[in-house]
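# Structural overview for review
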Amino acid sequence: MKTKIDKLRELIRYHERKYYIDAQPEISDASFDAFMRELEELEKAHPEFMSPDSPTQRVGGGAALGSRMPHRNPMLSLDNSYDEAELREFAERVGRGLGGAPVEYVTELKIDGLGVSLLYENGILVRGTTRGDGEFGEDVTANLRTIHAIPLRLVGGAAAGEGQALALREPGKGGDINDIPPVLEVRGEVFIPKHRLDVVNAQREAAGELPFANPRNAAAGSVRMLDASITASRPLDIFVYTLNYAEGFEFAKQTEALETMKTLGFKCNPHTERHDSLEGVIAYYQRWLAKREEIPYDVDGIVVKVNSIAQQEQLGATSKQPRWATSYKFPAHQAITRIEKIGVQVGRTGVLTPVALLKPVKLAGATITNATLHNEQELSTKDVRIGDTVVLERAGDVIPKIAAVLKERRTGDEVVFNFPDQCPTCGTPVKRSETEVAVRCVNAACVAQLKRRIAHWASRDALAIEGLGPARITQLVDTQMVCDVADLYTLKEDEVCRLERMGQASAKSLIRQIERSKAAPPEKVLIGFGILHVGGHAAEQLISHFSSINALSRASLEELETLYKIGPRIAGTVVAFFAQNQPLLQKLKAIGFHCFEETAARRSDLLVATDSFFSGKTFVVTGSLQGITRADASAQIKARGGKVTSSVTGKTDYLIAGESPGSKYDKARELGTQILAADEFFEKLGVAAE
Ligand code: IVH
């Protein structure tokens, strides 16, 4: 039976590749579905043969959005060239760096999506991460597994080293596992085809959420879902372009690496070319610029890479980008439309932002209906009027902006917009300050601010409550079911159910999501508070120092100011927030937010032992530790009298290295710092690893 199941899986994988990777299906959808059903039934009858790399296991259990993961080596970005002269300068730098040796270039399309890294061990996909900030990404394995163009298991037959790439194996003649590097990491771009964006946006609007502004945001948003079944419903695709690591294998050229990746079963973009001179590169750019709109996915330029890996190594990289590659950007997408109205939005901190409501227009795959006018000053400097014809522009990853006002098209009917002196929502007189351009509504009880605060609380970087989009929030606030974020936690399924356009299933799922968010770690809750200037980085710094929100809330201004990277600006807003928001904190504690519970790990400020292994020693924690976040590990160490710092130096006594430890590990090896593996660390702590 095992053989039968294996054969069926191999057959399905073959047809998955034919369909999703080669776009050359050999069988009908119905036959494919029949094979899948047969496999599902066999697996159900024989659970002992279940395997996570089975094609039936794309949407599985487990947390879909996991912890922050260090990258093996940084995921660099690219230097940009915006015109031919800049491209020639790049080529000159390359020429100089190589002492005038001949250079072969490879050109690829620059896909505008989300950079990801995929790790395979013995041919099986074990981890997928986002690019994140380049050093650390987010573990999105469960979500990436749902993308059919990402193989869960690789195909053998990559006879690399000989520079040979074998053709796709047919089922039954499967490749030899020995041809697959035991550890392999590739990088690529996840994207949503342009024409599928409207479908995704329709789904989102039906769920009470705002549409995505462009395919890139749609791809990024879909990959960073908490619920992998939602990711699975999105038409995501991938092109893989970097073979970052292949244990035991060496490649001489990027073109060879691309061929090998294809042979292993990855989907690579077909429009890659090799050039002996820069003229070929320029011709490639012009050809694709002319065809840009016809490409079914968003492409924001081309990537030019030195083909020889030896030359790439010779050229090296800066801390941000390789010296052997550049992107040659296409000009920004533009469209012309008219401003029908100007409105004012009130943000979470009360700032009033003018917004142009536009005659809907298509721009780079998305329908655009509004654009920010930033602030009162910008509005008057640019002299933007209601009725004006404007040039809209979308460059790279940014939200569309108004690039120019076509004043020559004015008819005389245009109307100057008078910036309000009162908050458009609550009517409170606005406050203008000498020191900033922002105009603010200073009424802390303003409903518009409240809606924005709740939206921020529910946002992905904070408590990540899926299904709580702007439309739902408006309903909850307008019906006065929710007057602050704590009220979300007292909502009952049957009252939510009575809201318009809300079914039983959605209500249930919303309540579940809200409930789940109580377990959020302290740094996410801190981000959720939306304290001015406290974003992800500051929140992490603060929690890694104080270990808990309770301890942070007791910190003095002086204490905060002395912290590395926390200046007087942040210190001031943090202290002010905790001084003004004790009632909210008490409510959250009463609700049962986990991060307010005084567990051993979070009592570090109360309980400092002096006689443990840890006392008086300095530690750095890196990599992912099973079952415990780095912040909690740090708290445990501090609770036992140790000190935790963020970088490995001569003063570090121990590096605690979890999985995929990255550059800190290399540094510790270099300095001869003692390294504790995760289980040794747990042993010293006196707790068993989960
Ligand atoms: S190479 C060190 N190739 O563009 C080499 N990147 O702006 C860096 N991208 O972070 C990556 N298409 O996410 C490379 N064919 C391609 C690409 C590509 C899209 C993205 C990638 C990168 C970003 C840099």
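So, here's what we can say about the structure. (Residues numbered from 1 in each chain as written. Predicted model: local features only at pLDDT ≥ 70, side-chain atom pairs only at ≥ 80, totals over all residues. Heavy atoms only, no water.)

## Comments concerning the overall build of the protein
Inclusion rule: Only DSSP runs of H or I covering at least 4 residues are called helices, and only runs of E covering at least 2 are called strands; the numbering of each starts at the N terminus. Only protein chains enter the accessibility calculation, which uses a 1.4 Å probe. A residue is then buried if its area is under 20% of the maximum for its type, exposed if over 50%, and partly exposed in between. In this description, contact between two residues means that some pair of their heavy atoms is separated by no more than 4.5 Å. Areas reported here follow the Shrake-Rupley algorithm with a probe of radius 1.4 Å; residue values treat only the protein chains shown as occluding.
Looking only at helices and strands, the protein features 24 helices and 24 strands. The principal-axis extents of the C-alpha atoms in the protein amount to approximately 80 × 75 × 60 Å. In the protein, which comprises 690 residues, the share counted as buried stands at 48%. Considering only intrachain contacts with a sequence separation of at least 6, the fraction spanning at least 24 residues in the protein is 68%. Put simply, the protein shows about 32,200 Å² of open surface, and 50% of that area lies on carbon and sulfur atoms.

## Observations concerning the site of the ligand
Quick reminder of the rule: The cutoff for a nearby residue is simple: one of its non-hydrogen atoms must lie within 4 Å of the molecule or strand. Polar contact is the term for a pair of N or O atoms within 3.5 Å; when the atoms are in protein, one must be able to donate a hydrogen and the other to accept it, and sequence-neighboring residues count only if both atoms are side-chain atoms.
For the ligand, the set of nearby residues contains 13 residues, the closest of which are Glu108, Ile111, Glu189, Tyr241 and Lys305. Between the ligand and Leu109 there is a distance of 3.2 Å, counted from a nitrogen atom to a backbone nitrogen or oxygen. Between Glu189 and the ligand, the recorded distance is 2.6 Å, taken from a side-chain N or O atom to an oxygen atom. Taking 520 Å² as the accessible area of the ligand by itself, protein coverage stands at 86%.

## A short note on helix H13 (residues 470–478)
Burial in H13 covers these residues: Arg472, Ile473, Gln475, Leu476 and Val477. The inward-facing, buried residues of H13 abut helix H12 (447–458). Backbone geometry just downstream of H13 places Gln480 in the positive-phi region, at approximately 60°.

## Here's the deal with empty space enclosed by the protein
Heads up, the rule is: Cavities and pockets are found on a 1 Å grid laid over the protein atoms alone: a cavity is a set of points where a 1.4 Å probe fits but cannot escape, a pocket is an open set with protein on both sides within 12 Å along at least five of seven lines, and a lining residue has an atom within 4 Å of such a point. Grid points are joined across faces, edges and corners, and a volume is the space filled by probe spheres set on the points.
This model, assessed by the stated rule, comprises three cavities of 30 Å³ or more. Estimates place the volume of the largest cavity at around 90 Å³. Forming the boundary of the largest cavity are Arg13, Glu16, Arg17, Ile21, Asp53, Pro55, Arg58, His148, Ile150, Pro151, Leu152 and Arg153. There is about 80 Å³ of room inside the second largest cavity. Along its surface, the second largest cavity is lined by Glu108, Leu109, Ile111, Phe239, Val240, Tyr241, Leu258, Cys268, Asn269 and Thr272. Where the lining of the second largest cavity is concerned, the elements lending two or more residues are strand S3 (105–111) and strand S8 (237–246).

## Observations concerning helix H22 (residues 630–639)
Among the 10 residues of H22, eight are classified as buried, and the element is accordingly described as predominantly covered. Packed against the buried residues of H22 are helix H17 (536–546), strand S21 (618–622), strand S22 (643–644), strand S23 (654–657) and helix H24 (678–685). In the segment just after H22, Gly641 is the residue with positive phi, at about 90°.

## Structural notes on the packing of aromatic side chains
Note the threshold: Put simply, two rings from Phe, Tyr or Trp (the six-membered ring, in Trp's case) pair if the centres are within 6.5 Å, and we call them stacked under 30 degrees between planes, edge-to-face over 60, tilted for the rest. By the criterion adopted, a ring carries a charge over it if an Arg CZ or a Lys NZ lies within 6 Å of its centre and within 35 degrees of its normal.
What the rule picks out here adds up to 22 aromatic pairs. An angle of 65° between the planes, with centres 5.1 Å apart, marks the rings of Phe239 and Tyr297 as edge-to-face. Highlighted residues: Phe239 in strand S8 and Tyr297 in the loop between helix H9 (278–291) and strand S10 (299–306), separated in sequence by 58 residues. The rings of Trp457, Tyr489, Phe529, Phe577, Phe578 and Phe593 are connected pair by pair, giving a single aromatic cluster. Its guanidinium or amino end placed over the ring of Phe212, Arg204 lies 4.0 Å from that ring's centre, counting from NZ or CZ. Over the ring of Trp288 we find Lys291; its NZ or CZ atom is 4.3 Å from the centre of that ring.

## Quick notes on the nonpolar core
Quick note on the threshold: Here the nonpolar core consists of buried residues drawn from Ala, Val, Leu, Ile, Met, Phe, Trp, Tyr and Cys, with membership extended through side-chain atoms lying within 4.5 Å.
Leu118, Leu144, Leu184 and Phe266 are the most contacted members of the largest nonpolar core, which has 63 residues in total. Ranked by residues supplied to this core, first place goes to strand S13 (residues 352–363) with five residues. Excluding anything up to four places from it in sequence, Leu144 contacts Val116, Leu118, Gly128, Thr129, Ile150, Val190 and Val223. The next biggest cluster of nonpolar side chains, apart from the first, holds 55 residues, and it includes Val534, Leu563, Phe578 and Phe596.

## What about the sheet that holds strand S14 (residues 366–372)?
For clarity, the cut-off: Any two strands with at least two DSSP bridges between them are considered paired. The axes used here are C-alpha line fits, helices contributing only the stretch in contact, and every angle between their N-to-C directions lies in the interval 0 to 180 degrees.
If you walk across this open sheet you meet the five strands as S14-S13-S12-S16-S17, and the pairing is antiparallel. Edge positions in the sheet fall to S14 and strand S17 (401–405), since each has one partner strand and no second. Neighbour to neighbour, the strand axes of the sheet diverge by 45° on average, direction disregarded. As paired strands, strand S12 (residues 333–346) and S13 are joined by seven bridges and run antiparallel to one another. Looking at S13, one finds that Gln345 is bridged to Thr353.

## Details of the pairing of strand S16 (residues 389–394)
In terms of burial, S16 is a largely internal element, six of the six residues being buried. By the bridge criterion, six bridges tie S12 to S16 in an arrangement that is antiparallel. Paired with Gln334 across the strands is Glu393, a residue of S16. Pairing of S16 with S17, which is carried by four bridges, proceeds in the antiparallel orientation. If you follow Val391 over to S17, its bridge partner there is Ala404.

## Quick look at the packing of H12 against H13
Selection rule: If an angle is under 35 degrees, it is roughly parallel; if it is over 145, roughly antiparallel; if it lies from 65 to 115, roughly perpendicular; otherwise it is oblique. Crossing handedness is read from the near helix: turned anticlockwise from the far helix by less than a right angle, it gives a left-handed crossing, and turned clockwise, a right-handed one.
Two elements in contact, H12 and H13, have axes separated by 10 Å at closest approach and are oriented at 130°. The orientation of H12 relative to H13 falls into the category oblique. Read as a crossing pair, H12 and H13 show a hand that is right-handed. Between H12, through Val447, Leu450, Lys451, Ile454 and Ala455, and H13, the contact on the second element is made entirely by Ile473, Thr474, Val477 and Asp478.

## Points about the sheet that holds S23
If you walk across this open sheet you meet the four strands as S22-S21-S23-S24, and the pairing is parallel. Lying at the two open borders of the sheet, with one neighbouring strand each, are S22 and strand S24 (674–677). Bridge count for S21 against S22 is two bridges, and the pairing is parallel. Of the residues in S22, the one forming a bridge with Phe619 is Val644. Where H22 meets the sheet, its contacts fall on S21, S22 and S23, and the angle it forms with S21 comes to roughly 165°. Packing of H24 onto the sheet brings it into contact with S23 and S24, and relative to S24 it is tilted by some 85°.

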